[in-house]
Amino acid sequence: MEEKEARWCHDIGREQAANKPLLKTVFQVMMRLFSPRKTTLLFVVRDKTKTPLEYLEPILSEDIQKIWNAVSKPESHKDTPLSEFFNVEVTALSSFEEKEDLFKEQVAQLRQRFFNSISPGGLAGDRQGVVPAAGFSFSAQQIWRVIKENKDLDLPAHKVMVATVRCEEIANEKLHHLSSNEDWLALEEAVQCGPVSGFGRRLSSILETYFSGYDIETFYFDHGVRNAKRKQLESKSLDFVHPAYLNLLGHFRFKALEDFKSRLEQMLNIGEGFAASICTSTESCMLEFDQGYADAAIKQANWDASKVKEKLCRDINAHALSVQDAKLSELVVSYEKQLGQSLSEPVESLFDNAGRDTWASIRKLLTRETGIAVSEFSAAISSFELDQSTVEKMLQDLKDYARNVVEKKAREEAGKVLIRMKDRFSAVFSHDNDSMPRVWTGKEDIKTITKGARTASLSLLSVMVAIRLDGKPGEIENILFSSLMEGTVTAVSSVDRSITTSDPLASSSWEEVMVSPKSILITPVQCKSLWRQFKAETEYTVTQAISAQEAYKQSNNWLPPPWAIVAMVVLGFNEFMLLLRSWG
């Protein structure tokens, strides 16, 4: 007996193409149903390459031995070697396409080995299983009965094998032609540059050409094999063109996003509300993307574009949020600038003329300007349709900013308090109630004037001591006046003098007047130091006034009586002297 198997040279070593499962079945059945007898396994290698047969034969022999070792064997043949059942031979045929004449010659020689199988060099393995010609018919019937009764020998039909090989070849050929198709290459190149109109229609036509060609060429092959290989062709073809489809969707996504940005900017520039502009622009660009997605769809597949669409939505939301933050920041900066302008200079002016009602006036100013700014700002951000908590926070931030403007200005002015006190002292001391410069004639009560000027300066200091935007009681002024102007500081008993004193200014805080530490601008001990420095630097002004009075008095002692001055003016000096002599 002999077995023949043809293999393509490039199939050697592969599982299915090399028919390893078939050999495994043959080995198992031969051991179970037949006694050991030599059967020749002839492997014919088609279209051999430059690789010498001497290199290929060991590979085949090794594969066959591995299959033999791996099959399950009955106990009677557990240790039977492969050589007891089979003679393994390998031959090779030249390429039919390249060497047709040599191929036919080698096939004819191989055919003779079958014709003369029992001759020397034939394919018969041994003579043990030889059946006489008279019994061949019965022997063949028995062999066929055994094949029919054993499912292991119910091997795939020859047409299935042929269909498998040819359908796969045809499918690979169509896929190869698709990859080099000029229309496809032009379409793929166009997609690299940007959106392509009619992409889905054009690609569907290209694919249909090759799928239809496959159906025509495989029409007469086994139905099941034909359909299975067609599905493989479809899957590989779709995988091949899918990157271009994704690239096209990327262009649609980018263009839709850019159009969204442009439309949003245009709508905002003409005064449309922010939230309404976002909604309109989003709907427009998403519709544009959906139209592009529909145009790119092919009838051979239902590709999912949801991830690309989700990415577009995320990009739109991110840009919208970025623009919203920028617009809101512009509004905030604008209204903060407005508050700065409406508060800074008026507050500075109020501090310049500081008095008992200064902080009340500042609070009134702050409330009025903050109310105006908050109202206008609230109306300006209404088109953004923000949630209530966000709106409340932004309004509170604006109120806090206004308060900070006042507090910052108060701290700046507190740093210049000594200069302002001296200016206040000079203004009050050197000018009368009609704001006219004083002339020190000797009639002025310098002590009273000095006290009034110092009182005015101390009143200014009491305003600058702490920030009082919350309307706290004004006890600070009383403490400063009683301690610095009236000098009512008294000491405790000599026993406790080393521990503490009753001086309310010997402290670094105003705890007794309920002023928050954050609101303190000048501490009590700093007030005491400032007052001492203020008195020292204004003492010269008082001394100068006293000196001016003394000088004025002395100059008046050298003048004649008023009646003598009048007589000299009326009579003249010579007549006046004659009059005096006559009296003498």
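Scroll up to find the structure.
Residues numbered from 1 in each chain as written. Predicted model: local features only at pLDDT ≥ 70, side-chain atom pairs only at ≥ 80, totals over all residues. Heavy atoms only, no water.

### A closer look at unusual backbone geometry
Positive phi values are uncommon outside glycine, yet Glu 385 reaches one of about 50 degrees. Within the secondary structure layout, Glu 385 lies in the loop between α11 (358-380) and α12 (388-414). Given a relative accessible area of 63%, Glu 385 falls into the exposed group. Although it is not a glycine, Ser 435 sits at a positive phi angle of roughly 65 degrees. In this structure, Ser 435 sits in the loop between α13 (417-430) and α14 (446-464). (Helix = DSSP H or I, 4+ residues; strand = E, 2+ residues; numbered from the N terminus. Buried < 20%, exposed > 50% of the residue type's maximum accessible area, 1.4 Å probe, protein only.)

### Describing the packing of helix α7 (residues 199-217) against helix α8 (residues 223-269)
Remark: α7 packs on α8, axes separated minimally by 11 Å, with the N-to-C direction vectors making an angle of 160 degrees. One way to sum up the angle between α7 and α8 is to call them roughly antiparallel. Pair α7 / α8 crosses with right-handed handedness. For the pair α7 and α8, contact is made by Phe 199, Leu 203, Leu 207, Phe 211, Tyr 214 and Asp 215 and by Val 225, Arg 226, Lys 229, Arg 230, Leu 233, Glu 234, Ser 237, Leu 238, Val 241, Ala 244, Tyr 245 and Leu 248, respectively. Taken together, the residues of the contact of α7 with α8 sort by class into twelve nonpolar, one polar and five charged. (Axes fitted to C-alpha atoms, helices over the stretch in contact; angles between N-to-C directions. Parallel < 35°, antiparallel > 145°, perpendicular 65-115°, else oblique. Left-handed = near helix turned anticlockwise from the far one by under 90°. Contact = heavy atoms within 4.5 Å. Nonpolar A, V, L, I, M, F, W, Y, C, P; charged D, E, K, R; others polar.)

### Notes on the side chain of Lys 409
Position of Lys 409 among the secondary structure elements: in helix α12. Since its relative accessible area comes to 12%, Lys 409 is described here as buried. With sequence-adjacent residues up to four places away left out, Lys 409 is seen in contact with Ser 344, Val 347, Glu 348 and Phe 351.

### Considerations on the environment of Trp 359
Residue placement: Trp 359 occurs in helix α11. What Trp 359 contacts, discounting residues up to four positions off in sequence, is Phe 351, Val 406, Ala 410, Val 463, Ala 466, Ile 467, Arg 468 and Leu 469.

### Here we look at the pairing of strand β2 (residues 39-46)
Among the eight residues of β2, seven are classified as buried, and the element is accordingly described as predominantly covered. Pairing of β2 with strand β3 (residues 86-92) involves seven bridges; the strand directions are parallel. Bridging across to β3, Val 44 finds its partner in Thr 91. (Pairing = 2+ DSSP bridges.)

### Concerning the pattern of salt bridges
The final tally for this structure, using the stated rule, is 25 salt bridges. Between Asp 315 and Lys 311 there is a salt bridge, and its shortest N-O distance comes to 3.0 Å. One end of the pair, Asp 315, and the other, Lys 311, are both in helix α10 (residues 306-352), four residues apart, so they sit about a helical turn from each other. Judged by its relative accessible area of 17%, Asp 315 is buried. Judged by its relative accessible area of 33%, Lys 311 falls in the partly exposed class. Salt-bridge contacts for Glu 413 lead to Arg 420; the nearest nitrogen and oxygen are separated by 2.6 Å. Connected through shared salt-bridge partners, Lys 255, Asp 259, Arg 263 and Glu 288 make up one network. (Salt bridge = Lys/Arg side-chain N within 4 Å of Asp/Glu carboxyl O.)

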